[in-house]
Amino acid sequence: MKSLILIMISGALINNVVLNQFLGICSFLGVSKQMKASASLGGAVIFVMTIASAVASILYDNVLKPLGLDFMKTIVFILVIAALVQIVEMFLKKTSPAVYKALGIYLPLITTNCAVLGVALTNVQNEYNFIESVLAGFGTAVGFTLAIVLLASIRSRIREEDLPAPLRGAPIVLISAALMSIAFMGFSGLSF
Amino acid sequence: MEIILITTVVITVIGIIVGAGLVFTGKKFHVEVDEREAAVRECLPGNNCGACGFAGCDAAAAAIVAGDAPVNVCPVGGGPVAERIGGIMGENAEILERKVAFVRCKGTCEVTKNQATYVGIPDCRSAVLAGVNIPECDYGCLGLGSCITVCPQNAISIADGVAVVNGDLCVACGLCVKACPKNLIELVPESKKVRVQCSNRDKGPQVKKVCSAGCIGCSMCVRQCQFDAISVENNLAHVNYDNCTQCGACAEKCPVKVIIPPAAKQAEIPA
């Protein structure tokens, strides 16, 4: 039980997917302009990453590993995750238009998010079983959401400030993200 | 060898299963979308220039179908596109005539002089911000080419110190109209060749002093016109393109020859 909780906390804080592993930076910087959009993206990422981890884990344990096709995992995962997101999108569009509308364009955007593939591959590397994989995926996604919501709130504050001209726009965002990354390094001192 | 075979088979099988799953889900969870939206989107040019005021062609198509935009919203596609969209939407499109950008200044080096030498950033907006007026005429083209920078079609060039639009390349996106700090550029119907090539609102003598080709606001053209298609406001003639019949009477009588004659007579009258 303790190890399961540890996996989640590790995914969310200690090995934060954006700030410590530098995956999914594109959407992290691109979508963090507005609080609402970043929260929506966070929700979509939690949704997709959890499901993707589960499917990738099943596929790896039952198909790739027994057949000795370990080396094909990247390609298979890309294939499956991309299709999965499409299916999830269609499913949501039909069954719950409200959720579909809330997630909006972010759902298909995540298809190409390296963080989703990254977490599936990391799970395999750490030899997690099915339950551990799902929890790791969920934890990582929570970490992503945390990071992007934090950056969005920082950016909304920055917008009010009178910045020196050369720092305006992208530079100050990158600096803020870097400082956040340094701050998150502090979590690596967590011990249980 | 065996491992290659297994890999190929496994990946193919996974691919087929995934593909079949997608097809199945696509059929099963098919949601009716307005077919017209896709059809309208087909008609639009698809270069997402944003000249219509929407985020792109997809957004414009959605707005047209939703009734938030007229069928002739796309200035780039012009009449033919509006007609086809009108056909889809079941209304008669008001045919939007193809427009082109037109620089209302004739102040080449032959007719006017520069009063200042500007050595800053080579951009009209910078020059205006710096408070420098390069030509003697307060209303004249600076010739630094802000319009060239913003033009997505490379349709504008500087000839003899004045910006000139190539009507064949222009898509009437209006970016140069916004960029010109002197407000010299306007969008005019392409077929209306009779245009006043000046923006100077000063009184006649003042114009004469700075430019030999400037509109002096003498109203000679207004008297010539039988169709009420030309007017003089603030010492500047302006053609009302809706009324103009391209007879060219105004251009013939204009003492400073600042009105462009219609295409048929362009050869006879030296511009």
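Further up the page is the structure itself.
Residues numbered from 1 in each chain as written. Chains lettered and ligands numbered in written order. Predicted model: local features only at pLDDT ≥ 70, side-chain atom pairs only at ≥ 80, totals over all residues. Heavy atoms only, no water.

What should I look at first to understand the pattern of salt bridges in this one?
Pairing is possible between side chains that carry opposite charge, provided their charged atoms lie close to one another. Residue and element names in this part refer to chain A. Under the definition given, this model contains 3 salt bridges over all chains. Between Asp162 and Arg168 there is a salt bridge whose closest N-O contact spans 3.9 Å. A relative accessible area of 48% means that Arg168 is categorised as partly exposed. (Salt bridge = Lys/Arg side-chain N within 4 Å of Asp/Glu carboxyl O. Buried < 20%, exposed > 50% of the residue type's maximum accessible area, 1.4 Å probe, protein only.)

So what exactly am I meant to see when it comes to the interface of chain A and chain B here?
Accessible area lost upon the coming together of the parts serves often as the stated size of an interface. In this assembly, 17 residues from chain A lie in contact with 17 residues from chain B. By the criterion of area lost to chain B, the three top residues of chain A are Leu69, Met90 and Lys94 of chain A, representing 32% of everything that side buries. Where chain A packs against chain B, one counts 0 salt bridges. Connecting chain A to chain B are 0 residue pairs in polar contact (both at pLDDT 80 or more). It is helix H4 (residues 73-95) of chain A that contributes the most residues to the side of chain A that touches chain B, 11 residues altogether. Across the side of chain A that touches chain B, the residue classes tally to 12 nonpolar, 3 polar and 2 charged. (Contact = heavy atoms within 4.5 Å. Buried area = accessible area lost by both parts, 1.4 Å probe. Polar contact = N/O pair within 3.5 Å; in protein donor to acceptor, adjacent residues only side chain to side chain. Helix = DSSP H or I, 4+ residues; strand = E, 2+ residues; numbered from the N terminus. Nonpolar A, V, L, I, M, F, W, Y, C, P; charged D, E, K, R; others polar.)

What should I look at first to understand the pairing of strand E2 (residues 156-159) of chain B in this one?
Along any regular strand, the residues point their side chains to alternate faces of the sheet. Residues and elements named next belong to chain B. As defined by bridge partners, E2 adjoins strand E3 (residues 162-165) across 4 bridges and the pair is classed as antiparallel. Opposite Ile156, over in E3, you have Val165 as the bridge partner. From the end of E2 to the start of E3, which pair antiparallel, there are 2 residues, and Asp160 there has a positive phi angle of about 60 degrees. (Pairing = 2+ DSSP bridges.)

What is the right way to read the packing of aromatic side chains from this model?
By convention here, two paired aromatic rings are described through the distance between centres and the angle between planes. Summed over the entire model, instances satisfying the criterion amount to 1 aromatic pair over all chains. Ring centres 5.2 Å apart and planes at 70 degrees place the aromatic pair Phe184 of chain A and Phe187 of chain A in the edge-to-face group. Taking relative accessible area as the criterion, Phe184 of chain A reaches 7% and is therefore assigned buried. The ring centre of Phe102 of chain B lies 5.1 Å from the NZ or CZ of Arg195 of chain B, which sits over that ring. (Phe/Tyr/Trp six-rings, centres within 6.5 Å; stacked < 30°, edge-to-face > 60°. Lys NZ or Arg CZ within 6 Å of the ring centre and 35° of its normal.)

Would you take a moment to explain the nonpolar core for this structure?
Of all hydrophobic cores here, the largest spans 52 residues; its most connected members are Phe28, Leu41, Phe77 and Ile81 of chain A. Among the elements of the structure, helix H3 (35-64), H4, helix H6 (106-111), helix H7 (114-125), helix H8 (130-158) and helix H9 (170-185) of chain A together with helix H1 (2-28) of chain B are those that each provide at least two residues to this core. For this core, the leading source of residues is H3 of chain A, giving 11 residues. When sequence neighbours within four positions are dropped, the list of residues in contact with Ile81 of chain A reads Ala52, Val116, Leu117 and Ala120 of chain A. Grouped together as the second largest cluster of nonpolar side chains are 41 residues, Val103, Cys170, Val194 and Val256 of chain B included. (Core = buried A, V, L, I, M, F, W, Y, C linked by side-chain atoms within 4.5 Å.)

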